[in-house]
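Each chain is listed here by its residues.
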Amino acid sequence: MSFLSVFTPSAAPSAAGADRLSMPTRWLWVVALASLAWRGWMAAVMPLTGDEALFYWWARFLDYGYYDHPPMVAWWIAGMRAVLGDAEWAIRMPAVLLPLGVGWALWWAWSPVSRERAAWAILLYWLAPVNWLNALIATDSPLILWAAWATASLVRAEQAADRGRSPWTLYALSGFFMGLAFLSKYFAVLLGMAFVVYFALCARARWRGLVLIVFVLAALPAVAVNVLWNLQHCWTNIMFNLFNRNEGAEASPANVVVYLVMMAYLISPVLLWLGLRHRSAWRAGLKGQALLVCAAVVPLALFGVLAIKKEIGLHWVMGFYPFLFVMWTWALPTSALRTAARGLGVFLVLHLLVAGGAALSDLNQWHRMASHVRVVEKNYHRFVEAARADEMVKQVQVPGVVLASNAYSAASIFGYAAGHHVPVLGIGGKHARQDDLIVDYAALEGKTIRVMATRKLSLDDYRGFFDSVRLLTFEQDGATFYALEGVNFSYAAYREQVMAEVNRRYYAFPSWLPVWGCSFCQRYCGADRCTP
């Protein structure tokens with residue numbers, strides 16, 4: 001029996017009232033299949049982004065952890081590569097299928113309360129434009145799925161406990177899925193905090209029992225995997241997420257305003273208007289749904305607090321986004337749900353028209369637009385880099401010369417196009433420093449290296465570790481790009497000029513942290529910890 005075949009009406013009236021809410025079976029099928037086809041098309045026609053190319057290389061250098069994030073997205077891509085190959089659509093297949101897996105979790109969790117309301121929640125979630133437009137694979141992709149299943153399992157456990165049935169397997173299952181979410185992205189901790197708030201405020205009697213122990217024991221293996229990786233890899237996850245990425249962050253009320261506007265857009269004007277119009281129905285509609293409210297509201301509220309100091313990315317909130325649609329569905333009356341679906345449909349069509357036009361446009365059109373639109377002019381070189389990386393690599397690459405780049409995004413894209421890993425040469429940025437751990441720069445001793453970049457490079461930044469340097473200029477689809485060619489690479493000079501600074505900036509982890517291994521430090525100073 002297929003997932004969608006379970007959407008048949010329940011015999012009894014909806015728990016939300018006697019208004020006989022009908023099951024949207026036909027529309028669920030239409031939206032599920034149409035959105036699946038759209039995401040599949042987008043996955044096939046859109047070139048890889050820099051982040052996606054980076055995660056692809058993570059999968060090529062398979063590990064149980066990476067410099068700035070846990071490993072789940074790389075494991076997913078490695079599985080797709082083994083089955084489907086290296087094409088863009090194959091790498092993105094988990095993202096293409098993701099909303100179906102989330103919908104299944106929502107159905108499993110809330111259909112015992114009301115099959116009709118659960119089906120409408122899934123329909124509204126599937127109609128959200130982001131679930132059509134986002135065919136990109138990211139660290140958030142597995143987080144979204146496992147967060148949905150962790151919450152669904154806990155909801156089912158609470159339902160079982162309320163009915164006098166044994167909930168322990170379901171509590172353990174929730175902890176297991178929470179562990180998988182933690183191995184996807186550290187934002188899983190915010191969902192854990194939501195669960196703590198729920199038990200502390202709404203189910204204190206159960207919290208005093210074995211629930212916490214069962215949940216934690218089930219999640220503990222995943223946490224242990226991450227801790228072990230950090231012990232053996234210089235604690236780079238901790239250094240990046242708690243320290244390095246937050247350097248220079250300053251409090252700004254504007255960040256909070258931007259965050260609130262972003263959330264208003266994601267929820268959609270339609271749902272916001274209906275929620276305000278039927279605000280008197282919220283208390284009654286959400287009665288008995290405290291866990292749902294905590295899962296939806298607590299993480300997003302914590303992001304609101306964090307926004308005081310840091311810009312919040314749209315993709316950051318995606319792990320908790322589905323619960324908003326369940327919450328709205330339970331709060332709104334029957335007639336409003338039909339209005340919500342129609343309004344979201346119109347909202348979606350507007351997005352698809354814009355996205356479809358952008359996806360079908362060629363670089364010549366974007367190039368002409370660049371002379372009139374400032375934002376396109378500023379980013380046109382990025383469009384060319386993504387869409388024409390293979391032609392750019394062919395222009396630069398020559399036999400006997402090592403290909404490199406100056407930043408992780410470009411290096412990952414050019415490496416995907418070239419079919420081999422392209423290292424970052426130079427200081428680079430604070431993000432995605434995986435090459436620190438996997439590249440042995442001593443192996444490049446005496447080599448001629450060409451460092452590709454879409455912006456002009458300074459010869460002085462590279463002169464100190466080559467006998468000679470020169471800047472080569474190339475053209476691709478109206479965009480100028482560069483390759484700095486250095487002859488006779490000196491590892492000793494690179495170690496003193498670049499690796500020493502990298503060690504000072506990014507590997508000054510606290511002395512009280514135990515270290516069982518650090519490949520970067522071993523190469524730099526021959527020990528697991530180097531003096532800054």
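Peer 1: Where do I start with the sheet that holds strand β2 (residues 448-453) in this structure?
Peer 2: Within the open sheet, the four strands sit side by side as β1-β2-β4-β3. Their pairing is mixed. The open sheet is flanked by β1 (401-405) and β3 (468-476), the only strands paired with a single partner. Ignoring strand direction, the axes of neighbouring strands in this sheet form an average angle of 25°. Judged from the five bridges that link them, β2 and strand β4 (residues 479-487) form a sheet pairing that is antiparallel. Paired with Val451 across the two strands is Leu484, which belongs to β4. Together, β1, β2, β3 and β4 form the strand contacts of helix α22 (residues 389-396), whose direction differs from that of β3 by roughly 140°.

Peer 1: Which parts of the structure should I look at to understand the pattern of salt bridges?
Peer 2: If the charged atoms of two oppositely charged side chains come close together, the side chains can form a pair. Summed over the entire model, instances satisfying the criterion amount to 13 salt bridges. Two residues, Arg433 and Asp436, come together in a salt bridge whose shortest N-O distance is 2.8 Å. An identical accessibility class is assigned to Arg433 and Asp436; each is buried. Glu496 serves as the salt-bridge partner of Arg495, at 2.3 Å between the closest nitrogen and oxygen.

Peer 1: Sorry if this is basic, but what is going on with unusual backbone geometry here?
Peer 2: Leaving glycine out, the prevailing phi sign among residues is negative, and the prevailing peptide bond configuration is trans. We note that Cys234 has phi near 65°; this positive angle belongs to a residue other than glycine. Positive phi, close to 65°, is recorded for Asn488, a residue that is not glycine. By the secondary structure assignment, Asn488 is in the loop between β4 and α26 (491-506). Residue Asn488 is classed as partly exposed on the basis of its relative accessible area of 31%.

Peer 1: Help me understand the packing of aromatic side chains, please; the structure alone is not making it clear to me.
Peer 2: Geometrically, a pair of aromatic rings is defined through the distance of the ring centres and the angle of the planes. Taken as a whole, this structure holds 37 aromatic pairs when the rule is applied. Look at Tyr56 and Trp57: their rings are 5.2 Å apart centre to centre, the planes differ by 80°, and that puts the pair in the edge-to-face class. Exposure class is identical for Tyr56 and Trp57. Each is buried. Taken together through their ring pairs, the aromatic side chains of Trp76, Trp104, Trp108, Trp146, Trp149, Phe176 and Phe177 make up a single cluster.

Rules used throughout
Residues numbered from 1 in each chain as written. Predicted model: local features only at pLDDT ≥ 70, side-chain atom pairs only at ≥ 80, totals over all residues. Heavy atoms only, no water. Pairing = 2+ DSSP bridges. Helix = DSSP H or I, 4+ residues; strand = E, 2+ residues; numbered from the N terminus. Axes fitted to C-alpha atoms, helices over the stretch in contact; angles between N-to-C directions. Contact = heavy atoms within 4.5 Å. Salt bridge = Lys/Arg side-chain N within 4 Å of Asp/Glu carboxyl O. Buried < 20%, exposed > 50% of the residue type's maximum accessible area, 1.4 Å probe, protein only. Phe/Tyr/Trp six-rings, centres within 6.5 Å; stacked < 30°, edge-to-face > 60°.

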